[in-house]
2 protein chains.
Amino acid sequence: CPCPLPSGDTALSRLVRRLLSARRSLDLCLFSFSCPLLARAVQLLHRRGVRVRLVTDAQYMGLHGSQIGRLRHAGIQVRHDQHSGYMHHKFAIVDRRILITGSLNWTTQAIQSNRENVLVVEDAEYVKAFQDEFERIWEEYNPANYSFF
Amino acid sequence: CPCPLPSGDTALSRLVRRLLSARRSLDLCLFSFSCPLLARAVQLLHRRGVRVRLVTDAQYMGLHGSQIGRLRHAGIQVRHDQHSGYMHHKFAIVDRRILITGSLNWTTQAIQSNRENVLVVEDAEYVKAFQDEFERIWEEYNPANYSFF
């Protein structure tokens, strides 16, 4: 990703603007997160006092270029699965009110090279279904519930 | 995937029922398609006279278990990209009226093992955006436009 937060009216700049509109909470459920620009936007929200929670896939969080370590280092709460199947969602919920979802993994490759879609949905029924799924996963991936043997 | 078309009220059976409701057209834009059950549903529609068009990713269509060859063999029109980036969409449009999209690739692994989401959207504005993207891709991937050198 380019380093400055994007201006203009590209799909990426619209995505970043939607994220940066968060005032209270940002719930992220992301299979793969390697885009430094989007990580910077998330960190900015965290510094502003927005409550950021991030769920991700255990197998992908350690891959080269992953931003998960950097976000944890910044103090953002991250939880991940313990399964062999993928946590394959790729959605964000802003202020429990705006759902951003689609085919796009938050990776530089996807943003620069792929055909992708991102839907922005404010219909409460859809937002609630995803918010409920987020809360289920957040509880299920609570480290207090890990099994080690 | 299990072999019989699924009954009951699982997410997979609801997806199959939505697909089988097609009367005139089914437009498929799928990064990866290896689930034999979903391929069987698509073939059934083709045999019923529904116009099926399928766009897929060139790098994934040849992978082990891909259903693309079988669908082409059955007479279904398939087009694919010529790029190094992925054609990463995973959506279907039934009768130009119902959009089915989300994180789910149409693979056995995804259906059996992953956390995934599938949205069914009938709002005309959303359906049109995806139908327009489908038509753009369908034209762009027309074999008449391939460049070989």
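Keep in mind the model is a prediction, meaning the values are calculated, not measured.

Colleague: So, the pairing of strand β1 (residues 25-30) of chain B: which residues are in play, and what are the values?
Modeller: All names here are of chain B. Within β1, six of the six residues are buried, leaving the element largely enclosed by the surrounding structure. Of the two faces of β1, the one holding Ser25, Asp27 and Cys29 and the one holding Leu26, Leu28 and Leu30 are both buried throughout. What joins β1 to strand β2 (residues 51-56) is helix α2 (residues 36-47), and the crossover it makes is right-handed. Inspection of the sheet shows β1 paired to strand β4 (residues 90-94) by five bridges, in the antiparallel sense. The residue bridging Cys29 from the neighbouring strand is Phe91, located in β4.

Colleague: Any chance you could break down unusual backbone geometry for me, citing the residues and the numbers?
Modeller: Unusually for a residue other than glycine, A:Arg96 sits at a positive phi of about 55°. Tracing the chain through its elements places A:Arg96 in the loop between β4 (90-94) and β5 (98-102).

Colleague: Requested: an account of the sheet that holds strand β3 (residues 77-80) of chain A, with residues and values cited.
Modeller: Residue and element names in this part refer to chain A. Judged by pairing direction, the sheet is mixed, and its six strands sit side by side in the order β3-β2-β1-β4-β5-β6 without closing on themselves. The outermost strands of the open sheet, each flanked by one partner alone, are β3 and β6 (118-121). Adjacent strand axes in the sheet meet at a mean angle of 15° when their direction is disregarded. Relative to the sheet, helix α1 (residues 11-20) contacts β1 (25-30), β4, β5 and β6, its axis offset from that of β5 by approximately 145°.

Colleague: Could you give an account of the interface of chain B and chain A, with specific residues and numbers?
Modeller: In this assembly, 26 residues from chain B lie in contact with 26 residues from chain A. When chain B packs against chain A, close to 2,100 Å² is buried across both sides, 51% of that on carbon and sulfur atoms. Looking at the side of chain B facing chain A, the largest losses of area belong to B:His88, B:Arg115 and B:Leu119, adding up to 34% of the total buried there. On the surface where chain B and chain A come into contact, there are 18 residue pairs in polar contact (both at pLDDT 80 or more). Of all elements in the fold, only β4, β5 (98-102), α4 (108-113), β6 (118-121) and α5 (124-140) of chain B reach the threshold of two or more residues within the side of chain B that touches chain A. With five residues, the single largest contributor to the side of chain B that touches chain A is α5(B). Considering only residue class, the side of chain B that touches chain A consists of 10 nonpolar, 11 polar and five charged.

Colleague: With reference to specific residues and values, describe the UniProt feature "domain: PLD phosphodiesterase" (unreviewed entry) in chain A.
Modeller: Listed under "domain: PLD phosphodiesterase" (unreviewed entry) in the UniProt record, and renumbered for this structure, are residues 83-110 of chain A. From the first C-alpha to the last, residues 83-110 of chain A spans 24 Å; its make-up is 11% helix and 36% strand.

Cut-offs used in this document
Residues numbered from 1 in each chain as written. Chains lettered and ligands numbered in written order. Predicted model: local features only at pLDDT ≥ 70, side-chain atom pairs only at ≥ 80, totals over all residues. Heavy atoms only, no water. Buried < 20%, exposed > 50% of the residue type's maximum accessible area, 1.4 Å probe, protein only. Helix = DSSP H or I, 4+ residues; strand = E, 2+ residues; numbered from the N terminus. Right-handed = clockwise from strand over helix to strand, strands pointing away. Pairing = 2+ DSSP bridges. Axes fitted to C-alpha atoms, helices over the stretch in contact; angles between N-to-C directions. Contact = heavy atoms within 4.5 Å. Buried area = accessible area lost by both parts, 1.4 Å probe. Polar contact = N/O pair within 3.5 Å; in protein donor to acceptor, adjacent residues only side chain to side chain. Nonpolar A, V, L, I, M, F, W, Y, C, P; charged D, E, K, R; others polar. UniProt positions renumbered as here; feature names shortened; annotations may be inferred.

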